Amino acid sequence: MAWGHTAILQFSICILQFRLPGQVITMDKQTAEKILSLAASLKAAAAEVFIRSSVATGIEVKDQKVEAFERARDRGAGLRVLTGRKMGFAFTTDFSDPALMRLAQAAMTNAESSEPDPLQSIPARPAGQYGDVAIYDPAMGPVSEEEKIKGVMAMEREAYAVDPRVKRIRKASGSFSQSETVIMNSHGAEVSYRGTAASSSIEAVAEEKGESQAGWDFDVTRFYHRLKPEEVGRRAARKALNLLGAKSIQSVKAPVILEATVAEEFLSIVASGFSAENVQKKKSLLAGKLDREILSPVLTIVDDGLLEGGLGTAPCDDELVPASKKIVIDKGRLAMYLYNTYTASKDKTLSTGNGFRGGFKGVPGVGVTNLSIVPGALSLEELIASTSRGLFVTEIMGAHMANPISGDFSVGATGFWIEKGKTAYPVREVTIAGNILDLMKNVDAVGNDLRFQGRIGSPSLRVKELSIGGK
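Described below are features of the structure shown in this document.

Basis of the calculations
Residues numbered from 1 in each chain as written. Predicted model: local features only at pLDDT ≥ 70, side-chain atom pairs only at ≥ 80, totals over all residues. Heavy atoms only, no water. Helix = DSSP H or I, 4+ residues; strand = E, 2+ residues; numbered from the N terminus. Expected span 1.5 Å × (residues − 1). Buried < 20%, exposed > 50% of the residue type's maximum accessible area, 1.4 Å probe, protein only. Pairing = 2+ DSSP bridges. Axes fitted to C-alpha atoms, helices over the stretch in contact; angles between N-to-C directions. Contact = heavy atoms within 4.5 Å. Parallel < 35°, antiparallel > 145°, perpendicular 65-115°, else oblique. Left-handed = near helix turned anticlockwise from the far one by under 90°. Lys, Arg positive; Asp, Glu negative; His and termini not counted. Salt bridge = Lys/Arg side-chain N within 4 Å of Asp/Glu carboxyl O. Polar contact = N/O pair within 3.5 Å; in protein donor to acceptor, adjacent residues only side chain to side chain. Core = buried A, V, L, I, M, F, W, Y, C linked by side-chain atoms within 4.5 Å.

### Focus: helix α2 (residues 97–112)
The terminal C-alpha atoms of α2 lie 23 Å apart, and with 16 residues this matches the ideal 22 Å at 1.5 Å per residue to within 8%. Three or more residues of α2 are buried, namely Ala99, Leu100, Leu103, Ala104, Ala107, Met108 and Ala111.

Okay, here's the thing in structure tokens:
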């Protein structure tokens, strides 16, 4: 499963709107039971069914007109079967009786042709109960598409209204989605749940005296009426306007404040290192560092599968292991790795509830739930005010090019130069470079402005010193 920064508009946590509430789940429970019965009739030792029904709507607006409108519906089932320590997998989007029989037969055939692996297993039914989660908004279903479009148009209008120097909107978009998920295995474990999400994002361009600067902002929530597209439009416009007159600076080593969304991108580089799968494959920069202090003692990082409204929140992972809140980094110390069932068996430990699929078409890998740095006490304004001289970074380019194994990075940066605790002027065409673990070891202050862009979130961070490349 892919780690790191997750594009907001790619979330397809959705539900078929033309069905009555609860009808899909009831049908899919019956289908899951039928698939498990078919697998048992073919002598599967154990089996697991994953079914997801979804619909997602995407809207793009340009100059108060709908430039793109897309609605995607999807429904499918994935089946894992275990026989003689051999695991087989198959999936289908056809729920007719003959197709379900073919699904079971295909999974068994794939198992029989695979190599025996004593680490393969279907998790047992957990002893405790699955936790309640707040991830579904019943108010989203009745919202008309006209209202959704009006919201995206309002975001664009508000961006233009901030200042006459806002001349263009590169992209104004919204995404609205709902889902129903049923997971069931032959050991008697079973979960069904609904999820919703809504998001908006916009990039505004301000122009003055032949110069142009862009500002981007977003909002994402599980609950429709918490979405504030007008505020997103205004924030993006102000970001673009504030960067007018930006200039480069001389190369220097200085303190750097990373705005929350920028800090999240750096945390995303570290995130893949928490995967036990990557550790076992020697593709993790954290391999061999368990129980060692690897980050600054002001940093604590949690993976919270039960976070209210989190985009990675669910009662369980995609293997029916109950979700929980886990401390991954405890005051700078690497406290644990994240496991699915297979990687846990390999290390003779238990799954941490981090077995996740990209959908019904794949088997569980290792992924985060809601991974974040625990917020500190200082506001962003207080972080800046307590910094006599340095760089406040509001955007970086090229974080995806960082080496996730070595942790080395070099990214373009945009932001503001700080003098005497105040932003003095906007800065562009600079680079910041180093090693992600060194950066995280040198964090000396944590903001209170935690913000998620997807399954990964961070507050603003101040780094004692970084190399800044200028002119």
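The rest of the description comes next.
### Section: unusual backbone geometry
We note that glutamine 64 has phi near 65 degrees; this positive angle belongs to a residue other than glycine. Relative to the elements of secondary structure, glutamine 64 occurs in the loop between β1 (46–62) and β2 (65–83). Residue lysine 420 is not a glycine yet carries a positive backbone phi of 55 degrees. Note on lysine 420: relative accessible area 77%, which makes it exposed.

### A look at the sheet that holds strand β6 (residues 211–221)
The antiparallel open sheet is built from six strands, whose spatial order is β3-β2-β1-β4-β5-β6. With partners counted over all chains shown, the strands left at the sheet margins are β3 (86–92) and β6, one partner each. Each neighbouring strand pair of the sheet contributes to a mean axis angle of 15 degrees, computed without reference to strand direction. With 17 bridges connecting them, strand β4 (residues 166–185) and strand β5 (residues 190–208) associate as antiparallel partners. Counted as the bridge partner of lysine 171 is glutamate 203 from β5. The sheet strands contacting α2 are β2 and β3, and the helix crosses β3 at an angle near 150 degrees. Its contacts with the sheet put helix α4 (residues 229–242) on β4, β5 and β6, and the angle it makes with β6 is roughly 150 degrees.

### Here's the deal with the sheet that holds strand β8 (residues 301–304)
Pairing within the open sheet is mixed, and its six strands lie in the order β10-β9-β8-β13-β19-β18. Looking at which strands have only one partner, the edges of the open sheet turn out to be β10 (333–334) and β18 (451–452). Where strand β9 (residues 325–330) lies against β10, two bridges are found, and the strand directions are antiparallel. Paired with isoleucine 329 across the two strands is leucine 334, which belongs to β10. Across the sheet, helix α5 (residues 260–271) is in contact with β8, β13 (371–373), β18 and β19 (456–458); its angle to β19 comes to roughly 130 degrees.

### A short note on the pairing of β8
Put simply, side chains in a regular strand alternate between the two faces of the sheet. Of the two faces of β8, both are covered, the one formed by Ile301 and Asp303 as well as the one formed by Val302 and Asp304. Note that β8 and β13 share three bridges and pair antiparallel. By the bridge assignment for β13, valine 302 is matched with serine 372. One ladder, built from four bridges, connects β8 with β9; its direction is antiparallel. By the bridge assignment, aspartate 304 is partnered in β9 with lysine 325.

### As for the packing of helix α3 (residues 145–161) against α4
Running from amino to carboxyl end, α3 crosses α4 at an angle of 30 degrees, the nearest separation of the two axes being 7 Å. Judged by the angle between their axes, α3 and α4 are roughly parallel. As α3 runs across α4, the sense of the crossing is right-handed. Each of Gly151, Ala154, Met155, Glu158 and Ala159 in α3 lies in contact with α4, whose residues at this interface are Pro229, Glu230, Val232, Gly233, Arg234 and Ala237.

### Focus: the side chain of aspartate 317
Along the polypeptide, aspartate 317 turns up in the loop between β8 and β9. Within the buried set, aspartate 317 has no salt-bridge partner at all; the shortest N-O distance to an opposite charge, 8.0 Å, is to arginine 80. Engagement of the side chain of aspartate 317 in a polar contact is seen with the backbone nitrogen of glutamate 319, the distance being 2.9 Å. A polar contact is formed between the side chain of aspartate 317 and the backbone nitrogen of leucine 320, at a distance of 3.2 Å. Sequence-distant contacts of aspartate 317, defined by excluding residues within four places in its chain, comprise Ile183, Ser351, Gly353, Asn354, Gly355 and Phe356.

### Describing the pattern of salt bridges
Pairing is possible between side chains of opposite charge, provided their charged atoms come close. Applying the stated rule across the entire model yields 24 salt bridges. One salt bridge connects glutamate 211 with arginine 428, and the closest N-O pair in it is separated by 4.0 Å. Taken as a pair, glutamate 211 in strand β6 and arginine 428 in strand β16 (residues 422–435) lie far apart in primary sequence, 217 residues in all.

### Digging into the nonpolar core
With 55 residues, the main nonpolar core has Phe266, Phe274, Ile432, Ile436 and Met440 as its most contacted residues. For this core, the element with the most residues is α5, which contributes seven residues. Once residues lying within four places of it in the same chain are set aside, the contact partners of phenylalanine 274 are Leu286, Ile301, Val328, Ile329, Leu334, Tyr337, Leu338 and Leu371. Counting residues in each nonpolar core, the second largest holds 25 residues, with Met155, Ala159, Ile169 and Ala198 among its members.

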